There are 2 protein chains.
Amino acid sequence: MSKGVAILGSTGSIGCNAIEVILAHPDRFVVKALAAGRNVERLLDQIDRVRPELVAVSDEETAKEVRSRTGRRVEVMWGEAGMVAAATHPEADVVISAFVGAVGLIPTLRAIQQGKRVALANKETLVAAGEIMTEAAKRSGAELVPVDSEHSAIFQCLRGERRTEVDRLWLTASGGALRDWSREQMMRAGVQDVLRHPNWTMGNKITVDSATLMNKGFEVIEAHWLFGIPFDRISVVIHPESIVHSAVEFVDGSVLAQLGVPDMRLPIQYALSYPERWEGKWPRLSMDRLGSLQFRAPDPERFPCLGYAYEAGRAGGTMPAALNAANEVAVDLFLRGRIPFLAIEDILVRIMDLHEVRHHPDLETILWADAWARETAAELAAKGRVAR
Amino acid sequence: MSKGVAILGSTGSIGCNAIEVILAHPDRFVVKALAAGRNVERLLDQIDRVRPELVAVSDEETAKEVRSRTGRRVEVMWGEAGMVAAATHPEADVVISAFVGAVGLIPTLRAIQQGKRVALANKETLVAAGEIMTEAAKRSGAELVPVDSEHSAIFQCLRGERRTEVDRLWLTASGGALRDWSREQMMRAGVQDVLRHPNWTMGNKITVDSATLMNKGFEVIEAHWLFGIPFDRISVVIHPESIVHSAVEFVDGSVLAQLGVPDMRLPIQYALSYPERWEGKWPRLSMDRLGSLQFRAPDPERFPCLGYAYEAGRAGGTMPAALNAANEVAVDLFLRGRIPFLAIEDILVRIMDLHEVRHHPDLETILWADAWARETAAELAAKGRVAR
């Protein structure tokens with residue numbers, strides 16, 4: 001029998017790939033709901049292709065436009081109520097949580113509370129609200145299945161293994177566009193330098209996070225919550241080829257690693273097919289044509305953001321939410337040419353200094369920390385408090 | 001409760017490592033029986049350390065000597081009856097089958113027939129008698145757990161996975177001592193050249209097999225039987241660093257690989273601890289200090305023995321037993337300086353040409369094929385029929 005799916009963030013990169021995967025298995029899935037922001041053209045195209053019962057968009061005006069162009073074929077909702085309706089669609093067994101930003105938090109939590117399988121691609125879910133989400137999943141029995149290639153790799157390596165026998169998680173990192181740059185060179189890094197990612201084609205924001213290693217830092221926090229492993233047993237290894245997507249070291253010294261082509265469709269499909277594996281309709285990795293794979297430790301001097309994430313993760317409470325929100329503001333300012341590349345770090349350090357952590361926060365407190373950090377980061381930048 | 005163990009081939013390299021692993025976990029194991037050949041001094045030392053109830057040696061004379069030096073502390077048996085008694089000791093839950101050569105076949109089969117867990121290090125068990133052994137295991141419910149690092153890697157990668165979702169097994173090979181030699185250079189390869197193995201310290205015979213890739217070919221046949229995967233979905237990849245011990249490619253394109261230091265204690269312990277993993281008391285792999293790992297296809301022109309193994313495996317019946325026996329004779333002649341390195345190949349080709357395969361053989365027929373191949377290989381060499 002086919003499974004019902006809801007896709008939150010359907011018009012983004014993960015959402016589009018998810019639809020491709022789903023359309024490749026028409027007998028296995030029926031899309032019940034799509035939620036998106038304001039990309040009306042792409043959403044209309046998706047509505048034609050997957051014929052959902054419900055779509056949700058960010059605002060009333062967009063909803064009106066979609067309604068006028070779809071007629072009665074689909075129910076159109078908007079705002080938080082719409083997102084939550086999509087996330088909790090009664091016939092959706094699986095919810096793909098792929099919103100970008102804090103807007104994903106409430107709908108994702110509602111899906112978890114209903115005990116659905118949640119395929120997690122929304123970073124904020126575990127970075128900002130890891131404790132709330134994993135507690136809710138424990139209570140409802142919801143399965144949290146990662147979509148990120150790194151966490152999917154670890155999830156696959158842990159399959160059939162005992163969590164108590166895990167010694168260390170090894171998250172691989174390409175090292176990003178500035179992998180081999182000196183601090184002096186980084187001071188002059190322009191937007192175009194930073195957006196030149198070697199292996200993955202991703203959005204601009206995440207490509208900058210890849211260049212600062214902030215992205216990897218957030219993945220460390222996600223891995224902590226998703227797999228219940230303390231921070232001192234999660235390590236990052238620079239692996240420029242992005243073939244080994246991550247690895248798990250066990251107490252006996254054995255290491256299991258997952259490898260694959262850098263294609264998001266693989267982990268997306270796995271999140272949907274698990275515990276099964278289905279034929280993959282994308283290029284294959286050929287072990288005997290890999291050539292050379294490199295592995296080395298990240299340089300904490302050149303990439304301090306990775307350390308900030310560990311600090312924030314260990315501080316716990318609202319600190320990771322504040323770090324994440326400040327990072328979004330800082331990266332946005334960098335992308336708009338308003339601050340130099342290394343000022344991103346400065347903003348983060350200042351925010352972590354200024355933030356008063358609240359422990360065991362509820363979602364409202366997390367959203368407060370998020371808003372506080374955004375506002376404070378913008379103020380710091382506006383006042384030139386981050387010039388080096 | 002601790003498990004009873006019998007070690008067949010206790011004084012060899014695998015046997016000695018197994019005893020080390022067992023002594024590191026004194027609360028988990030009790031050694032009930034040891035079987036060895038003629039290495040009396042080492043056996044006596046092992047008797048002192050593990051205090052078995054039964055020991056078996058190859059012949060009556062050796063048995064007398066052991067008896068005279070141990071008194072009534074241990075029962076001493078000899079010959080096939082002794083080996084079988086050790087293999088079927090009623091209090092042995094796990095039998096480590098680590099004899100070298102055809103002598104391991106009957107005791108290993110008896111242990112399998114009794115439904116014991118058999119930790120397989122005896123190559124002949126699956127190379128020469130794979131069909132018999134795996135059928136017997138199906139009937140008795142015996143668990144066959146590999147000890148070879150390559151098969152242990154695959155066994156670990158398959159854990160929790162479905163066999164129907166396996167697309168390909170990737171056996172890694174160091175490439176051996178002559179990895180980068182031309183055929184012209186191989187014509188002049190001396191014993192000392194061939195015994196210079198880059199990563200593993202092993203016996204001379206297996207080090208030669210590593211240099212011809214015959215060892216890897218036999219592992220392909222073993223993998224075929226152990227995991228029930230057809231030959232055209234088992235591949236070999238040259239990986240000089242011997243860090244990735246093997247890998248499994250699934251139908252979705254995802255590849256799981258097992259990595260570790262090249263230390264036999266890891267797979268030996270895993271064969272004993274499975275489905276658990278226990279603390280490993282040996283050096284660890286550090287993912288962030290791996291440096292560079294290389295992967296490339298083996299060269300069939302320079303290493304034709306790998307192809308012979310596939311041929312023999314596909315021919316089935318008694319062919320792999322004949323190939324294995326002929327190879328033992330040929331390698332022995334090479335090690336004694338009687339034939340040049342490349343004459344090993346010539347003997348194997350001649351034997352495969354001459355051998356009349358019997359299909360679905362019983363153990364007796366396999367032993368006949370083994371004896372026939374030994375005799376014929378020796379004759380070929382004596383008559384100089386293998387000069388190039």
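Residues numbered from 1 in each chain as written. Chains lettered and ligands numbered in written order. Predicted model: local features only at pLDDT ≥ 70, side-chain atom pairs only at ≥ 80, totals over all residues. Heavy atoms only, no water.

S.K.: Could you give me a rundown of helix α13 (residues 265–273) of chain A, with the residues and numbers involved?
M.R.: Among the nine residues that make up α13 of chain A, nine are buried, leaving the element largely enclosed by the rest of the structure. Turning to α13 of chain A, its buried residues are R265, L266, P267, I268, Q269, Y270, A271, L272 and S273 of chain A. (Buried < 20%, exposed > 50% of the residue type's maximum accessible area, 1.4 Å probe, protein only. Helix = DSSP H or I, 4+ residues; strand = E, 2+ residues; numbered from the N terminus.)

S.K.: Can you explain the relation of the copies chain B and chain A? Please cite residues and give values.
M.R.: Once chain B has been moved 0.0 Å along the axis and rotated by 180°, it coincides with chain A to within an RMSD of 0.0 Å. Accordingly, the operation relating the two chain copies is best matched by a two-fold axis. Relative to the rotation axis, the closest C-alpha in chain B is found at G160 of chain B, a distance of 2.1 Å. When the interface residues of chain B are mapped onto chain A, 100% of them again fall at the interface, so both copies present the same face. (Least-squares fit on C-alpha atoms with pLDDT ≥ 70 in both. Contact = heavy atoms within 4.5 Å.)

S.K.: Lay out the interface of chain B and chain A with the relevant residues and their values.
M.R.: Across the contact, 46 residues belong to chain B and 46 residues belong to chain A. Here chain B and chain A share an interface that buries about 4,000 Å² over both sides, 49% of which is from carbon and sulfur atoms. The largest share of the area that chain B buries against chain A comes from D252, R277 and M287 of chain B, three residues that together contribute 19% of it. Seen at the junction of chain B and chain A, the total is 10 salt bridges. The closest approach of N and O atoms between R277 of chain A and E161 of chain B, which form a salt bridge, is 2.9 Å. Put simply, chain B and chain A have 35 residue pairs in polar contact (both at pLDDT 80 or more) between them. When contributions to the side of chain B that touches chain A are tallied by element, the ones reaching two or more residues are α8 (149–158), β8 (166–173), β10 (244–250), β11 (255–259), α13 (265–273) and β12 (291–295) of chain B. Of the pairings in the sheet, the one linking strand β12 (residues 291–295) of chain A to β12 of chain B comprises five bridges and is antiparallel in character. Paired with Q294 of chain A across the strands is S292 of chain B, a residue of β12 of chain B. (Buried area = accessible area lost by both parts, 1.4 Å probe. Salt bridge = Lys/Arg side-chain N within 4 Å of Asp/Glu carboxyl O. Polar contact = N/O pair within 3.5 Å; in protein donor to acceptor, adjacent residues only side chain to side chain. Pairing = 2+ DSSP bridges.)

S.K.: Which residues make up the pattern of salt bridges, and what values go with them?
M.R.: For the structure shown, the criterion picks out 60 salt bridges over all chains. Residues R183 of chain B and E345 of chain B are paired through a salt bridge, measuring 2.7 Å at the closest nitrogen-oxygen approach. Remark: E345 of chain B occurs in helix α16 (residues 343–354) and R183 of chain B occurs in helix α9 (residues 183–187); sequence separation between them is 162 residues. Through salt bridges that share partners, R159 and R277 of chain A together with E161 and D252 of chain B make up one connected network.

S.K.: Any chance you could break down the pairing of strand β10 (residues 244–250) of chain A for me, citing the residues and the numbers?
M.R.: Residues and elements named next belong to chain A. In terms of burial, β10 is a largely internal element, seven of the seven residues being buried. Across five bridges, the pairing between strand β8 (residues 166–173) and β10 is antiparallel. Following the sheet pairing, W170 is matched in β10 by A247. Examined bridge by bridge, β10 and strand β11 (residues 255–259) share five bridges and lie antiparallel to one another. Among the inter-strand pairings, V244 is bridged to a residue of β11, identified as L259. Where β10 folds back onto β11 in an antiparallel hairpin, the turn is made up of four residues, including G253, whose phi is positive at roughly 95°.

S.K.: So what about the sheet that holds strand β1 (residues 3–8) of chain A? Which residues, and what values?
M.R.: Two orientations exist for strands paired in a sheet by backbone hydrogen bonds: parallel and antiparallel. Residue and element names in this part refer to chain A. Strand order in the open sheet made by the seven strands is β4-β3-β2-β1-β5-β6-β7, with parallel pairing throughout. Edge positions in the sheet fall to β4 (75–78) and β7 (144–146), since each has one partner strand and no second. Across the sheet, the axes of successive neighbouring strands diverge by a mean angle of 25°, strand direction being ignored. Strand direction decides the pairing type here: strand β2 (residues 29–35) and strand β3 (residues 54–57), joined by three bridges, are parallel. Bridge assignment links A35 to a residue of β3, and that residue is A56. (Axes fitted to C-alpha atoms, helices over the stretch in contact; angles between N-to-C directions.)

S.K.: Break down the domain arrangement of chain A for me, with residues and values.
M.R.: All names here are of chain A. Taken as a whole, chain A is organised into domain 1 (3–146), domain 2 (148–308) and domain 3 (316–388). Placing the centre of domain 1 and that of domain 2 at their C-alpha centroids yields a distance of 25 Å. The junction of domain 1 with domain 2 conceals about 2,300 Å² of combined surface from both sides, 70% of it contributed by carbon and sulfur atoms. Taken together, the connections running from domain 1 to domain 2 amount to two salt bridges. A salt bridge links R265 to E20, with the nearest nitrogen and oxygen atoms 3.0 Å apart. Across the domain 1-domain 2 interface, the total number found is six residue pairs in polar contact (both at pLDDT 80 or more). Counting residues per element, the ones that place at least two in the side of domain 1 that touches domain 2 are α1 (13–23), β5 (94–97), β6 (117–120), α6 (123–127), α7 (130–140) and β7. (Domains from an automatic or database assignment.)

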